[in-house]
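Here are the chains, one letter per residue:
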Amino acid sequence: MPYDFIGDIHGHADALEQLLRRLDYRPDGDGYRHPARRAFFVGDFIDRGPDSPGVLRTVRAMVESGAARAVMGNHEYNAILYHTPRPDGNGYLRPHSAKNHAQHAATLEQFRDRPAELADYLRWFRTLPLYYEETDFRAVHACWHPLSIGRLRERLPDDRLPDPVPPELEALETPFARAIDRVLKGPEFDLPHGHSFLDKDGHRRLALRNKWWRDPRGATYGDLSVHGTGPELESLLYTGEDTDYYGVTEKHVFFGHYWLRGTPTLFRHNVCCLDYSVARDGQLVAYRFDGEKELEVNKLVAV
Ligand SMILES: [Mn+2]
């Protein structure tokens, strides 16, 4: 059955319902179903938006009925660590700092009167694979990095987080923890010493989220940044050493995570990011995949 890949939902249950109806899915139990297709959710179901419980009810019902597949997003991963006590009983694997709390606050508030339901969804999050591959595509929340995925496959025979969650995930000190971080949160390039830029929120940045599908050799930092840089860096040639990137002959890869703006488009014939910031007044986006050799921009659907 062909797949419809669906980007980051972040608690926007109305947009999800609208998109599924637009794609000709029909109500089925707590979820939706298409007679001849399946949905594929690339993660980030919760946080920020008004109805994470509603999104989880739909997505989980669809995954459990076989109407959809899903991979884990960094927000589900962060939630698992946020709610997992450290082994010494002193705090949690993800500290309850003001920043971490703010990121998760909408979800906590929406589940305030039903903690058992949230605990049940946290257990369900742990059944989600961290990455997924078939003969003609790959799907992951943020970055398909073969070295990291290889490292995870060695340790995770079923592609899921170990049970119990290993305390090493609290920090990025082991290759295993760094591999999960790269796959769910994406890579960054450090800027050369003395250089920085202001991001869209006005924060000064010393690193940029790089286009991991782009050959960095001979490119400028502006070329390599997912979100642009200032004028100073647009023309500065990349001088880093890591020249690993996702090549033009690799399988199609579908992912989310990057808070893109504007009209949905493809990064390349085999690289499709589906996150168009529905939780920041953007759109919820799908790609209707039918096995084509080169992805086509007219197969993107947005609501
Ligand atoms: Mn996201």
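Residues numbered from 1 in each chain as written. Predicted model: local features only at pLDDT ≥ 70, side-chain atom pairs only at ≥ 80, totals over all residues. Heavy atoms only, no water.

**Description of the pairing of strand 1 (residues 3-6)**
1) Next: Along strand 1, one buried face is formed by Tyr3 and Phe5 and the opposite face, lined by Asp4 and Ile6, is buried too.
2) Next: Of the pairings in the sheet, the one linking strand 1 to strand 4 (residues 38-41) comprises 4 bridges and is parallel in character. If you follow Ile6 over to strand 4, its bridge partner there is Phe41.
3) Next: When strand 1 meets strand 15 (residues 283-289), the two strands line up antiparallel, connected through 4 bridges. Paired with Tyr3 across the two strands is Phe289, which belongs to strand 15. (Buried < 20%, exposed > 50% of the residue type's maximum accessible area, 1.4 Å probe, protein only. Helix = DSSP H or I, 4+ residues; strand = E, 2+ residues; numbered from the N terminus. Pairing = 2+ DSSP bridges.)

**A look at the environment of Val297**
1) Next: Relative to the helices and strands, Val297 resides in the loop between strand 15 and strand 16 (300-302).
2) Next: The sequence separation of Val297 and Arg268 amounts to 29 residues, and the corresponding C-alpha distance is 9.6 Å.

**Re the packing of aromatic side chains**
1) Next: Under the criterion given, the structure shown has 28 aromatic pairs.
2) Next: Ring geometry for Tyr3 versus Phe40: centroids 5.6 Å apart, planes at 75°, classification edge-to-face. With Tyr3 in strand 1 and Phe40 in strand 4, this residue pair connects regions lying 37 residues apart in the sequence.
3) Next: On the accessibility criterion, Tyr3 (3% relative accessible area) is buried.
4) Next: Residues Phe45 and Trp124 carry aromatic rings whose centres are separated by 6.3 Å and whose planes lie at 35° to one another, so their mutual orientation is tilted. With a gap of 79 residues between them, Phe45 in the loop between strand 4 and helix 2 (52-65) and Trp124 in helix 5 (residues 115-125) connect regions that are remote in the sequence. This pair shows no difference in class: Phe45 is buried, exactly as Trp124 is. (Phe/Tyr/Trp six-rings, centres within 6.5 Å; stacked < 30°, edge-to-face > 60°.)

**Quick look at helix 1 (residues 13-22)**
1) Next: For helix 1, the complete set of buried residues consists of Ala13, Ala15, Leu16, Leu19 and Leu20. For helix 1, the arc enclosing every buried residue in end-on projection is 160°, short of the 170-degree limit, so these residues lie on one face.
2) Next: Where helix 1 is buried, its residues meet strand 1, strand 3 (31-33), strand 4, helix 2, strand 15 and strand 16.
3) Next: Asp24 sits one or two positions beyond helix 1 and adopts a positive phi of about 70°. (Arc of directions from axis to C-beta. Contact = heavy atoms within 4.5 Å.)

**Some details on unusual backbone geometry**
1) Next: Here the amide bond leading from Asp163 into Pro164 is cis, since omega sits at 0°, within 30 degrees of zero.
2) Next: Inspection of the secondary structure assignment puts Pro164 in the loop between helix 6 (146-155) and helix 7 (175-185).
3) Next: Even without being glycine, Asp159 reaches a positive phi, approximately 65°.
4) Next: Assignment of secondary structure puts Asp159 in the loop between helix 6 and helix 7.
5) Next: Judged by relative accessible area, which is 23%, Asp159 ranks as partly exposed.

**Observations regarding the nonpolar core**
Across soluble globular proteins, you tend to see nonpolar side chains buried next to one another.
1) Next: Ranked by internal contacts, the top residues of the largest apolar core, which has 84 residues, are Phe41, Phe45 and Phe125.
2) Next: It is helix 7 that contributes the most residues to this core, 6 residues altogether.
3) Next: Those residues in contact with Phe41, other than ones at most four positions away along the chain, are Ile6, Ile9, Leu16, Val59, Met62, Ala68, Arg69, Ala70 and Val71.
4) Next: Counting residues in each nonpolar core, the second largest holds 9 residues, with Phe197, Ala219, Leu233 and Tyr238 among its members. (Core = buried A, V, L, I, M, F, W, Y, C linked by side-chain atoms within 4.5 Å.)

**With respect to the side chain of Asn270**
1) Next: Assignment of secondary structure puts Asn270 in the loop between strand 12 (252-255) and strand 13 (271-273).
2) Next: With relative accessibility at 1%, the residue Asn270 sits in the buried group.
3) Next: At 3.3 Å, the side chain of Asn270 and the backbone oxygen of Val248 are in polar contact.
4) Next: There is a polar contact of 3.1 Å between the side chain of Asn270 and the backbone oxygen of Glu250.
5) Next: Not counting residues within four places of it along the chain, the set of residues in contact with Asn270 comprises Tyr246, Gly247, Val248, Thr249, Glu250, Lys251, His252, Val253 and Leu295. (Polar contact = N/O pair within 3.5 Å; in protein donor to acceptor, adjacent residues only side chain to side chain.)

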